[in-house]
Amino acid sequence: MLHAGGSTDIDRLWRGKLRQQLRFCERQHLCGQQRGAKRGVAHRAGGPDRDDRHRPCGQHPHRSGCLSATTPPVAAAVLLDADGKLAGVTLDELELSVSADSTGKVTTPTDTRTKRQKGKDYPLAEVSGLKKGWAEQADAFGSWLEGKTPDEVKKLKTDADGKPTEADLLSGCTIAVDRYRDAVVRACENAQVLGAARGDTVKLGVEVAEMPQGLAGTDDKDAQVQAKITLAVVTMDENARVTSAIGDMTEPELSVSADGTVSAPREPVYTKNELGDRYGMRSASALGKEWYEHSAGWCGYLKGKNAVEIGKLSADGTDADLKALCTISVTDLQKAALKAMAEQ
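Residues numbered from 1 in each chain as written. Predicted model: local features only at pLDDT ≥ 70, side-chain atom pairs only at ≥ 80, totals over all residues. Heavy atoms only, no water.

(A) Structural view of the overall build of the chain. Along its length, the chain carries 10 helices and 12 strands. Sorting the 344 residues of the chain into buried and exposed places 51% on the buried side. Within the chain, counting contacts between residues at least 6 apart in sequence, those at least 24 apart form 66% of the total. Within the structure as shown, the chain displays about 15500 Å² of accessible surface, and the carbon and sulfur contribution to it stands at 48%. (Helix = DSSP H or I, 4+ residues; strand = E, 2+ residues; numbered from the N terminus. Buried < 20%, exposed > 50% of the residue type's maximum accessible area, 1.4 Å probe, protein only. Contact = heavy atoms within 4.5 Å. Areas by Shrake-Rupley, 256 points an atom, 1.4 Å probe, with all protein chains shown as cover.)

(B) Representation of the nonpolar core in the model. Core analysis: the biggest nonpolar cluster contains 26 residues, and Leu86, Leu91, Trp134, Phe141, Leu145, Tyr180 and Val184 have the highest contact counts within it. Mapped onto this core, the elements with two or more residues apiece are β3 (74-80), β4 (86-93), α2 (134-145) and α5 (178-189). With 6 residues, α5 is the single largest residue contributor to this core. Beyond its immediate stretch of four places on either side in the chain, leucine 145 contacts Leu86, Val89, Val153 and Val184. One finds Val234, Ala245, Tyr301 and Ile328 within the second-largest nonpolar core, a separate group that totals 22 residues. (Core = buried A, V, L, I, M, F, W, Y, C linked by side-chain atoms within 4.5 Å.)

(C) View of the pairing of strand β5 (residues 96-100). Of the two faces of β5, only one is covered, namely that formed by Leu96, Val98 and Ala100; the face formed by Ser97 and Ser99 stays uncovered. Two strands pair when backbone bridges link them, and β5 and strand β6 (residues 106-107) are joined in this way by 2 bridges, in the antiparallel orientation. Following the sheet pairing, serine 99 is matched in β6 by threonine 107. Here β5 hands over to β6 after 5 residues, with glycine 104 in that stretch at a positive phi of 90°. (Pairing = 2+ DSSP bridges.)

(D) Molecular detail of the packing of aromatic side chains. Tallied over the entire structure, the rule returns 1 aromatic pair. A cation over an aromatic ring shows up here: lysine 148 above the ring of tryptophan 144, its NZ or CZ 3.9 Å from the ring centre. For the cation-ring pair, arginine 278 lies above tyrosine 270, with the distance from its terminal atom to the ring centre recorded as 5.2 Å. (Phe/Tyr/Trp six-rings, centres within 6.5 Å; stacked < 30°, edge-to-face > 60°. Lys NZ or Arg CZ within 6 Å of the ring centre and 35° of its normal.)

(E) Region of interest: the sheet that holds strand β9 (residues 229-236). Sheet architecture is open: 3 strands sit in the order β7-β9-β10, paired in antiparallel fashion. Of all the strands in the sheet, just β7 (201-208) and β10 (242-250) have a single pairing partner and so form its edges. Pairwise comparison of adjacent strand axes, ignoring direction, gives a mean angle of 15° for this sheet. The pairing of β9 with β10 spans 8 bridges and is classified as antiparallel. Among the inter-strand pairings, leucine 231 is bridged to a residue of β10, identified as aspartate 248. (Axes fitted to C-alpha atoms, helices over the stretch in contact; angles between N-to-C directions.)

(F) Molecular detail of the environment of threonine 107. Mapped onto the elements of the fold, threonine 107 is located in strand β6. Classification of threonine 107 as partly exposed rests on a relative accessible area of 45%. Considered as a pair, threonine 107 and serine 97 are 10 residues apart in the sequence and their alpha carbons are 8.5 Å apart. Excluding its chain neighbours within four sequence positions, the residues that come into contact with threonine 107 are Ser97, Val98 and Ser99.

(G) Local environment of the environment of threonine 230. For threonine 230, the position within the fold is in strand β9. Along the chain, threonine 230 and glutamine 334 lie 104 residues apart, while their C-alpha atoms are 9.5 Å from each other. If we ignore the near neighbours within four places in the chain, the residues touching threonine 230 are Gly205, Val206, Glu207, Asp248, Met249, Asp332, Leu333 and Ala336.

(H) The arrangement of the side chain of threonine 243 in detail. Along the chain, threonine 243 turns up in strand β10. Judged by its relative accessible area of 15%, threonine 243 falls in the buried class. Among the polar contacts made by the side chain of threonine 243, one reaches the side chain of aspartate 200 at a distance of 2.7 Å. In this view, threonine 243 contacts Leu194, Gly195, Ala196, Asp200, Thr235, Met236, Asp237 and Lys303; residues no more than four positions away in its chain are not counted. (Polar contact = N/O pair within 3.5 Å; in protein donor to acceptor, adjacent residues only side chain to side chain.)

(I) Layout of the pattern of salt bridges. Scanning the entire structure with this criterion turns up 12 salt bridges. Residues aspartate 139 and arginine 116 are paired through a salt bridge, measuring 2.7 Å at the closest nitrogen-oxygen approach. Of this pair, aspartate 139 sits in helix α2 while arginine 116 sits in helix α1 (residues 115-118), and the two are 23 residues apart along the sequence. The buried category is assigned to arginine 116, whose relative accessible area is 12%. Among the ionic pairs, arginine 282 bridges to aspartate 277, the shortest N-O distance being 2.7 Å. (Salt bridge = Lys/Arg side-chain N within 4 Å of Asp/Glu carboxyl O.)

(J) How the structure looks around unusual backbone geometry. Despite not being glycine, lysine 131 has its phi angle at roughly 60°, a positive value. Structurally, lysine 131 is set in the loop between α1 and α2. One non-glycine residue, alanine 240, adopts positive backbone phi at about 65°. Relative to the helices and strands, alanine 240 is located in the loop between β9 and β10.

Limitation: the analysis is restricted to geometry and does not speak to function.
As structure tokens, then:
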């Protein structure tokens, strides 16, 4: 069986069983220009970014001095064998850039696909020395990690740009991997038994709710721009039926002032699973459950079902069996799970 736990990963064979874990990377720090900084024309220093290509400022989560702020969550699904070594890794990353002009008018993204979901629409292959896209390079990195312990992964060295230095890894992956490495390590640190078996495949899905449009900061009130991001990891048997699953959500928020200053929160943004009892739903829940417990109920309900059956599940609370386990909205959890199962 797979162990699963609350962030983004998938993990370990323990006493002949597998465990699975979902990890949402780095507690979602948002990168933004400091309040009071003058807003003008977007700019950045020249040179390739972390994905081996050039692109305008405002699309990159790691540059300062931009007219935007970007939330760069990374998700890692990992599988560990009985000896605690990685037997599988799946990665994904999401970039959502929010910008504003000098009047406080906010521009939010309409394309909320992850790098993996964008496929060829994420134009890395054409400028990559390897002629490989993001998913190919991320998968090459994941494959390179297989057979290693979390301790060995933690010791992986990168250069000043976060890119690998190992020659055999560079033959398949030249993008920055430092945050992916850290996500995988954290994934391995939080695992629970959920029920997947040896030979199951693991998939990762991300669903982003439509972001608000037409917002503007005013002298009286900053505009609040929130992204609602849902993640799901599922393991499937040879018949493409779910053997275990984990669902999580996070809601990072940016503020935009009347002069167009985009500000990130001072504190880290945690996922709902990471918040645990601090989320504060229990007293208002008819089942007396916290959000993570409702999510676990939903995920447990997916076991034994295939994508067609999961797609037909009612998300309006009319399913009595599901209602006994979970009463939160599962619409986005359902979409994330289906996206995970559709990944090739």
